[in-house]
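Here are the chains, one letter per residue:
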Amino acid sequence: MARRTVSLVPRWCSRVFSVELDGAAVYFAPREKHRGEDAPRLFGDARGGHARLYSLIVCGGDRITRAKFHGELRDKLLRELPPGCDVSPMSSFVPDVRDSLLKGYFLKDNSQGSSTTEGLLRDMSQRDPVSVCSYLKCVEGQVWTQRLWSPPGSPEMSKDFYVVPSDAPECHPSTLNIINSDVFYSFEEAHDVIKQCGDIIPEAASVLELLRSRVEARSKPDFPVIVVEGLDATGKTTLTESLRDALGATLLRSPPQCLSPARARFDREPPLIRRAFYALGNYITAEQIGQEGMKKPVIVDRFWHSTAAYAIATAVSGQACNLPAEGSEIYRWPGDLLQPSLVVLLTLDPEERKTRLRNRGQGKTEEEEKLDQNQLFRIKVEKAYQRISGPAFVTVDASPSADQVLQQVLRLIRAKCHL
Ligand SMILES: Nc1ncnc2c1ncn2[C@@H]1O[C@H](COP(=O)(O)OP(=O)(O)OP(=O)(O)O)[C@@H](O)[C@H]1O
Ligand SMILES: Nc1ccn([C@H]2C[C@H](O)[C@@H](COP(=O)(O)O)O2)c(=O)n1
């Protein structure tokens, strides 16, 4: 992936657009010249050619504003658009160029009359960090143009571009902005995001306060550090508590207890802010590991694998093959984060996991709910877990009895950590 960073003032004709329909992406590009290609069916399918089509791309403003607005935009559209409007996720990007992804929505307006939609678009284009384009069928056949939208009656100054189909890029567009927007590879990068949120999220101050006295764990702990990972209800709590007792170890968690009061608030925030919060949680836990690991073995319930794998699986839309391939820099371990001696990933047949969830009968977080319903998301989380590089990593089948799983993991720890 090229490292060039692209300006946020979009030059549409250097970009490709992608609209997601039923989990598959349709790619097209606005170009100055028309080379005889038909526009993608996305345009031709508009009812009798009479639907009004728009793209709304979030751009301008700082990254916190953009992230917050993108999170709110879909709700706003669904709430305020008249019946007969379809809204699909959309993005605009420069193929294979990092940080070039801008997110938004494609709007197909089949409603009677255009005043409600146009009123909403006018307000948004004047007030919000969003760029609105409209699409027009220009001649017979399937030739469409894209134009920066302006409210009816305003002097039209923008240029028309032909809409031509475009090939799928080598890197899936949703992977272009993952680095330091969904996954953070240093304390500083995550810290900067939470610092920038101080004005809008009161809880940010308490998180920053906890980090003020942070001492970076510089030396390797004397005792082994074993992280247990896995989807919810795979048996992490059961296993980590048994390991603590069997090894006389300290049991820690990420995010640590001290972040619990702020967690629910950050869980409601868009990925940029939410993932920065979890990333910082790992640094606080790392500090605790540094201290406890000088006295006895340390067992950790979730750590950086969880932060990265859930973030990547959420950011990458569509099929699991859209995930970056093994070896991608997206899966690298942060250079300034303590590496455990061993990471144990518990895997479980989805049906057995559901049975355990049902039997446990506790409330679920929104992300757990999504995991349960969405087989594809679960596959993406598991694949991402397995591709993360850095510390020694082993997968353990968690379907045998709790004691059998414990014995198996103890054997692995003894073999790999010389305990
Ligand atoms: N090996 C096992 N065999 C059968 N049931 C198990 C086993 N391990 C754990 N359980 C049961 O499965 C349920 C989920 O286990 P546990 O709470 O340890 O999972 P978890 O991974 O910590 O979940 P979460 O991440 O959601 O907190 C519990 O009711 C637990 O008693
Ligand atoms: N170190 C961590 C721990 C958790 N998360 C996120 C990932 C999921 O959204 C959720 C799962 O946690 P649980 O419900 O099992 O407490 O929290 C993370 O990103 N990093």
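Residues numbered from 1 in each chain as written. Chains lettered and ligands numbered in written order. Predicted model: local features only at pLDDT ≥ 70, side-chain atom pairs only at ≥ 80, totals over all residues. Heavy atoms only, no water.

Draft legend 1. Region of interest: the overall build of the chain. Each helix and strand counted, the chain has 13 helices and 13 strands in total. Taking 419 residues into account, the globule formula puts the C-alpha radius of gyration at 22 Å, and the chain, at 24 Å, falls close to it. If you line up the chain on its principal axes, its C-alpha atoms span 75 × 45 × 40 Å. Burial status across the chain gives 53% buried among its 419 residues. Of the contacts formed within the chain by residues at least 6 apart in sequence, a portion of 76% connects residues at least 24 apart. Working note: accessible area of the chain is about 19,400 Å², and carbon and sulfur atoms make up 47% of it. Where the 55 positive side-chain charges of the chain centre and where its 54 negative ones centre are 1 Å apart. (Helix = DSSP H or I, 4+ residues; strand = E, 2+ residues; numbered from the N terminus. Rg over C-alpha atoms; globule rule 2.2 N^0.38 Å. Buried < 20%, exposed > 50% of the residue type's maximum accessible area, 1.4 Å probe, protein only. Contact = heavy atoms within 4.5 Å. Areas by Shrake-Rupley, 256 points an atom, 1.4 Å probe, with all protein chains shown as cover. Lys, Arg positive; Asp, Glu negative; His and termini not counted. Charge placed at Lys NZ, Arg CZ, Asp CG, Glu CD.)

Draft legend 2. Geometry of the domain arrangement of the chain. On domain assignment, one finds that the chain holds domain 1 (2-175) and domain 2 (178-417). On a C-alpha basis, the centroid separation for the pair domain 1 and domain 2 is 36 Å. Taking both partners together, domain 1 and domain 2 bury about 1,400 Å²; carbon and sulfur atoms supply 51% of that area. Looking only at domain 1, the three residues that lose the most surface to domain 2 are R63, I64 and T175, adding up to 42% of its buried area. (Domains from an automatic or database assignment. Buried area = accessible area lost by both parts, 1.4 Å probe.)

Draft legend 3. Quick peek at the nonpolar core. By size, the foremost hydrophobic cluster in this structure holds 60 residues, and its most contacted members are I194, V207, F266, F303, W304 and I312. Sort the elements by how many residues they give to this core and helix α8 (residues 271-292) lands first, with eleven residues. Ignoring sequence-local partners within four residues, the contact set of F266 consists of I194, I201, E203, A204, V207, I273, R274 and F277. In terms of nonpolar packing, the next biggest core, distinct from the first, is built from 22 residues, L239, A249, L410 and L412 among them. (Core = buried A, V, L, I, M, F, W, Y, C linked by side-chain atoms within 4.5 Å.)

Draft legend 4. Summary view of the site of ligand 1. Neighbouring ligand 1 are 16 residues; A233, K236, T237, T238 and P400 lie closest to it. One of the side-chain nitrogen or oxygen atoms of K236 is found 2.7 Å away from an oxygen atom of ligand 1. When isolated, ligand 1 has an accessible area of 630 Å², and the protein chains bury 73% of it. Those elements giving two or more residues to the shell around ligand 1 turn out to be α6 (236-247) and α10 (350-360). Broken down by element, the residue count for the shell around ligand 1 peaks at three residues, all from α6. (Near = heavy atom within 4 Å. Polar contact = N/O pair within 3.5 Å; in protein donor to acceptor, adjacent residues only side chain to side chain.)

Draft legend 5. Quick peek at the environment of D267. Within the secondary structure, D267 sits in helix α7 (residues 260-267). Between the C-alpha atom of D267 and that of F277, which follows or precedes it by ten residues, the distance is 9.0 Å. If we skip the residues at most four places from it in the chain, D267 touches R274 and Y278. In this structure the side chain of D267 is engaged in a polar contact, spanning 2.8 Å, whose partner is the side chain of Y278.

Draft legend 6. Here's a closer look at the pattern of salt bridges. Using the criterion set out here, one finds 19 salt bridges in the structure. A salt bridge links E352 to R356; the nearest nitrogen and oxygen atoms lie 2.9 Å apart. Here E352 pairs with R356, and both are found in helix α10, just four residues apart, close to one helical turn. (Salt bridge = Lys/Arg side-chain N within 4 Å of Asp/Glu carboxyl O.)

Draft legend 7. Layout of α8. In this model α8 runs 31 Å from its N-terminal to its C-terminal C-alpha over 22 residues, within 8% of the 32 Å that 1.5 Å per residue would give. Counting buried positions along α8 gives 18 out of 22 residues, so the element sits mostly inside the fold. (Expected span 1.5 Å × (residues − 1).)

Draft legend 8. Region of interest: the packing of helix α4 (residues 187-196) against α8. Direction vectors running N to C along α4 and α8 enclose 130°, while the axes themselves pass 9 Å from each other. As summarised for this structure, α4 and α8 are arranged oblique, according to the angle between their axes. Taken as a pair, α4 and α8 cross one another with a handedness that is left-handed. For the pair formed by α4 and α8, the contact residues are F187, A190, H191, V193 and I194 on the first element and L272, I273, A276, F277, A279, L280 and Y283 on the second. When the residues that make up the contact of α4 with α8 are grouped by side-chain class, the tally is eleven nonpolar, one polar and no charged. (Axes fitted to C-alpha atoms, helices over the stretch in contact; angles between N-to-C directions. Parallel < 35°, antiparallel > 145°, perpendicular 65-115°, else oblique. Left-handed = near helix turned anticlockwise from the far one by under 90°. Nonpolar A, V, L, I, M, F, W, Y, C, P; charged D, E, K, R; others polar.)

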